[in-house]
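Structural description and commentary
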Amino acid sequence: NNNYQEYKTGEHIIKSDPKIKSCFFTNHDTVENNKFGTSTYITYNDYEYGKLQFSMYGNYSFKVIDSKKFIEIYPSFETSKMVFGTYITTVYRNYISKMTYNDIILEKEMPKSELSKVNEYIKEYGIEITKVNYEGIKYTTDSLKVIAES
């Protein structure tokens, strides 16, 4: 006897026994130091040095601002961290690829103006990114030669 009901939540389908009640809790504190990084080199055109390539890694912090939306889309906290880590890597890649070599070396945190753009896009997921930092950057050997020769 199959008494399960199906519910579509975002991209997921959840099967539930109507006789069993569930209760979910979300923490609205900021979750800090979630890691992100590029799996391949980022290629960009620096105004001073021309074409350069680098990889990077860092961390981001977020908090749940709408529990219902968050749980409907991400039934697993670990899944949400993986998805947002990938998203933050893409956002930071796009942001940093518009900068110069010297700007990248000096800037360690994504500015609030960029964060507000990110949060406008992701508010439908029930979270807010509170901080994005990059901790390390590694240029390819060819890129380092170009920088040293200039």
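Conventions and cut-offs
Residues numbered from 1 in each chain as written. Predicted model: local features only at pLDDT ≥ 70, side-chain atom pairs only at ≥ 80, totals over all residues. Heavy atoms only, no water. Helix = DSSP H or I, 4+ residues; strand = E, 2+ residues; numbered from the N terminus. Buried < 20%, exposed > 50% of the residue type's maximum accessible area, 1.4 Å probe, protein only. Contact = heavy atoms within 4.5 Å. Areas by Shrake-Rupley, 256 points an atom, 1.4 Å probe, with all protein chains shown as cover. Polar contact = N/O pair within 3.5 Å; in protein donor to acceptor, adjacent residues only side chain to side chain. Phe/Tyr/Trp six-rings, centres within 6.5 Å; stacked < 30°, edge-to-face > 60°. Salt bridge = Lys/Arg side-chain N within 4 Å of Asp/Glu carboxyl O. Core = buried A, V, L, I, M, F, W, Y, C linked by side-chain atoms within 4.5 Å. Arc of directions from axis to C-beta.

Some remarks on the overall build of the chain
The helix and strand inventory of the chain stands at five helices and six strands. In the chain, the succession of helices and strands from N to C terminus is β-β-β-β-β-α-α-α-α-β-α. The buried share among the 150 residues of the chain stands at 35%. Considering only contacts in the chain between residues 6 or more positions apart, those separated by 24 or more positions represent 68%. Here the chain has roughly 9700 Å² of accessible surface; of this, 51% comes from carbon and sulfur atoms.

Remarks on the side chain of Ser-55
Tracing the backbone through its elements, the reader meets Ser-55 in strand 5 (residues 50-64). Non-local contacts of Ser-55, meaning those with residues more than four positions away in its chain, are made with Thr-38, Thr-40, Tyr-41, Gly-136, Ile-137 and Lys-138.

Let's talk about the side chain of Asn-34
Mapped onto the elements, Asn-34 comes out in strand 3 (residues 31-37). For Asn-34, a relative accessible area of 4% puts it in the buried group. A polar contact is formed between the side chain of Asn-34 and the backbone oxygen of Val-31, at a distance of 3.0 Å.

Details of unusual backbone geometry
Here the phi dihedral of Asn-33 falls at roughly 60 degrees; this positive angle occurs in a residue that is not glycine. Note that Asn-33 resides in strand 3. On the basis of relative accessible area, Asn-33 is assigned to the partly exposed category, the value being 49%.

Some words on the packing of aromatic side chains
For any two aromatic rings, the description comes down to two numbers: the centre-to-centre distance and the angle of the planes. Applying the stated criterion across every chain, the model contains four aromatic pairs. Centre to centre, the rings of Phe-54 and Tyr-139 are 5.3 Å apart; their planes meet at 50 degrees, and the pair counts as tilted. On the criterion of sequence distance, the pair formed by Phe-54 in strand 5 and Tyr-139 in strand 6 (residues 127-139) is long-range, its members being 85 residues apart. Residue Phe-54 is classed as buried on the basis of its relative accessible area of 0%. For the ring pair Tyr-60 and Phe-62, a centre distance of 6.1 Å and an interplane angle of 25 degrees mean the geometry is stacked. An aromatic cluster of at least three residues, connected via ring pairs, comprises Tyr-44, Phe-54 and Tyr-139.

A few points about the pattern of salt bridges
For the structure shown, the criterion picks out four salt bridges. With a closest N to O distance of 3.8 Å, Glu-135 and Lys-35 form a salt bridge. With a gap of 100 residues between them, Glu-135 in strand 6 and Lys-35 in strand 3 connect regions that are remote in the sequence. Accessibility expressed as a relative area gives 38% for Glu-135, which makes it partly exposed.

Here we look at the nonpolar core
Core analysis: the biggest nonpolar cluster contains 32 residues, and Tyr-92, Ile-96, Ile-129 and Val-132 have the highest contact counts within it. In this structure, Ile-96 is in contact with Ile-42, Phe-54, Met-56, Ile-104 and Tyr-134, ignoring residues within four places of it in sequence.

Thoughts on helix 4 (residues 112-122)
Think of an α-helix as turning once every 3.6 residues; residues three or four places apart then point the same way. Buried within helix 4 we find Glu-114, Leu-115, Val-118, Asn-119 and Ile-122. Taken around the axis of helix 4, the buried residues stretch over an arc of 135 degrees, which confines them to a single face. For helix 4, exposure combined with an orientation more than 90 degrees from the buried face picks out Lys-117 and Glu-120.

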